[in-house]
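Fold and geometry: a report
Each chain is listed here by its residues.
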Amino acid sequence: MKTPSSSIQDYLKAIYELAEECAPEPVTTSLLADRLGLARPSVTGMLQKMASTKPGLVEYLRYQGVRLTPAGEKVALEVIRHHRLIESYLSEALDFPWDEVNHEADQLEHVISEALEDRIAQKLGYPELDPHGQPIPARDGTINKRQEIRLSELPEGSVAVVCRVSDQDPAILRYLDQIGLRLSTPIEVTDRGPFDGPLHVRVAEEPTTHALGRSVTDRVYVLQAEEASRSSTNG
């Protein structure tokens, strides 16, 4: 198959990442348009085009949304591997903060060669996670899955460990870093505000708590005690 354009690769990567949040439902056109910063009619036209290629890269369901085909998922995972390895290199080798690496990786993910990708992976000791805790697809396209949940879903009184944070909003990443909510940090839900109010959390057993709105807690993923222990043992 001919290498898809960088624009198509951006679509496939965005669909894959949104599908993880929407599963088992298809990704809606409006969600995809918002993620890509494009008009909905333009997105619809591109999806119809991608669905008609040979092999088809997506399955477009009018009025429902879009899913990746096996061919589309293969391309998406390759781009995601490039992106997350670049993020890891920028963080570890060049000391970029975690709120800046996503933008930089977006500029580079389409242009690095497979040889450079392999050199980066080797240099970093074949990392399994990027600076935000997101799994890095293996060279063969496989990717590890964990039984993580959003912080929003953690029951009151529960303790868990932060395992992944969305990289889509640099301001949120800077705020989380400021309050000490980083990867591998234990976190406890002490209270829930009524009517979908803020979640009150204690970070790393500090005496103070922080009130976090859903726009933040939906972007933070945690492993509960049993799963965190299993993940640590396997890692």
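Residues numbered from 1 in each chain as written. Predicted model: local features only at pLDDT ≥ 70, side-chain atom pairs only at ≥ 80, totals over all residues. Heavy atoms only, no water.

Here we look at the overall build of the protein
Using the following cut-off: The helix count covers DSSP runs of H or I at least four residues long, the strand count covers runs of E at least two residues long, and both are numbered beginning at the N terminus. Exposure classes here rest on a 1.4 Å probe applied to the protein chains alone. A residue is buried below 20% of its type maximum, exposed above 50%, and partly exposed in between. Here the open area of atoms and residues is found with the Shrake-Rupley method and a 1.4 Å probe, where only the protein chains shown may cover a residue. By the counting rule applied here, Lys and Arg register as positive and Asp and Glu as negative, while His and the ends of each chain are not counted. Where a charge lies is defined by one atom per residue type: Lys uses NZ, Arg uses CZ, Asp uses CG and Glu uses CD.
Looking only at helices and strands, the protein has 9 helices and 8 strands in total. Taking the principal axes of the C-alpha coordinates as reference, the protein spans close to 55 × 45 × 30 Å. For the protein, the residues scored as buried account for 42% of the 235 residues in total. Total accessible area computed for the protein in this model is approximately 12,700 Å², and 49% of it derives from carbon and sulfur atoms. Here the protein holds 25 positive side-chain charges and 37 negative ones, and the gap between their average locations is 6 Å.

Some thoughts on the packing of aromatic side chains
Our working definition: In summary, the pairing rule links any two rings of Phe, Tyr or Trp, Trp by its six-membered ring, whose centres are within 6.5 Å, and it sorts them by plane angle into stacked for under 30 degrees, edge-to-face for over 60 and tilted for everything else. Any Lys NZ or Arg CZ that is within 6 Å of a ring centre and within 35 degrees of that ring's normal is treated as a charge sitting over the ring.
Summed over all chains, the structure comprises 0 aromatic pairs. Arg 164 extends its terminal NZ or CZ atom over the ring of Tyr 221, reaching a point 3.8 Å from the ring centre.

Re the packing of helix α2 (residues 29-36) against helix α3 (residues 40-51)
Stated formally: Lines fitted to C-alpha atoms define the axes, with helix axes restricted to the stretch in contact, and inter-axis angles between N-to-C directions lie between 0 and 180 degrees. Orientation is classified from the angle alone, with under 35 degrees giving roughly parallel, over 145 giving roughly antiparallel, 65 to 115 giving roughly perpendicular, and any other angle giving oblique. Contacts are residue-level and defined by heavy atoms, with any inter-residue pair within 4.5 Å sufficient. Three classes are used, and their members are as follows: Ala, Val, Leu, Ile, Met, Phe, Trp, Tyr, Cys and Pro are nonpolar, Asp, Glu, Lys and Arg are charged, and the others, Gly among them, are polar.
Contact geometry of α2 with α3 gives a least axis separation of 9 Å together with a crossing angle of 110 degrees. The angle between the axes of α2 and α3 places the two elements in the roughly perpendicular class. Contacts from Thr 29, Ser 30, Leu 32 and Ala 33 of α2 reach α3 at Arg 40, Val 43, Thr 44 and Leu 47. A breakdown of the residues in the contact of α2 with α3 according to their chemical character gives 4 nonpolar, 3 polar and 1 charged.

Let's talk about the domain arrangement of the protein
In plain terms, the rule: Just so you know, the domain bounds were taken from an automatic or database domain assignment.
You can read the domains of the protein as domain 1 (6-68) and domain 2 (149-230). Placing the centre of domain 1 and that of domain 2 at their C-alpha centroids yields a distance of 30 Å.

Looking at the environment of Ser 91
Among the secondary structure elements, Ser 91 is positioned in helix α4 (residues 70-94). For Ser 91, a relative accessible area of 22% corresponds to the partly exposed category. Counting along the chain gives 69 residues from Ser 91 to Cys 22, while the straight-line C-alpha distance between them is 29 Å.

Observations regarding the packing of helix α1 (residues 6-22) against α3
Axis separation between α1 and α3 bottoms out at 12 Å; the angle between their running directions is 95 degrees. Classified by the angle between their axes, α1 and α3 sit roughly perpendicular to one another. Along the contact surface, α1 presents Ser 7, Ile 8, Tyr 11, Leu 12 and Ile 15, while α3 presents Ser 42, Val 43, Met 46, Leu 47 and Met 50. Residues of the contact of α1 with α3, tallied by class, amount to 8 nonpolar, 2 polar and no charged.

Brief notes about the sheet that holds strand β5 (residues 186-192)
Put simply, the rule reads: A strand pair is defined by DSSP finding two or more bridges across the two strands.
Sheet architecture is open: 6 strands sit in the order β3-β8-β4-β5-β6-β7, paired in antiparallel fashion. Looking at strand neighbours, the two that pair on one side only are β3 (149-150) and β7 (210-212), the edges of this open sheet. In this structure, strand β6 (residues 199-203) lies alongside β7, joined through 3 bridges in antiparallel fashion. Opposite Leu 199, over in β7, you have Leu 212 as the bridge partner.

Notes on the layout of surface pockets
In plain terms, the rule: Two kinds of site are reported from a 1 Å grid over the protein atoms alone, namely cavities, where a 1.4 Å probe fits but cannot get out, and pockets, open sets with protein on both sides within 12 Å along at least five of seven lines, and residues are called lining when an atom falls within 4 Å of a point. Grid points are joined across faces, edges and corners, and a volume is the space filled by probe spheres set on the points.
Looking at the second largest pocket, its volume works out to about 330 Å³. Lining the second largest pocket are 17 residues, and of these Asp 10, Lys 13, Arg 35, Leu 36 and Asp 106 lie nearest its centre. Every element with two or more residues in the lining of the second largest pocket is listed here: α1, α2 and α5 (101-108). A total of 6 residues in the lining of the second largest pocket trace back to one element, the largest contributor, which is α1. Of the residues assigned to the lining of the second largest pocket, the class counts are 5 nonpolar, 5 polar and 7 charged.

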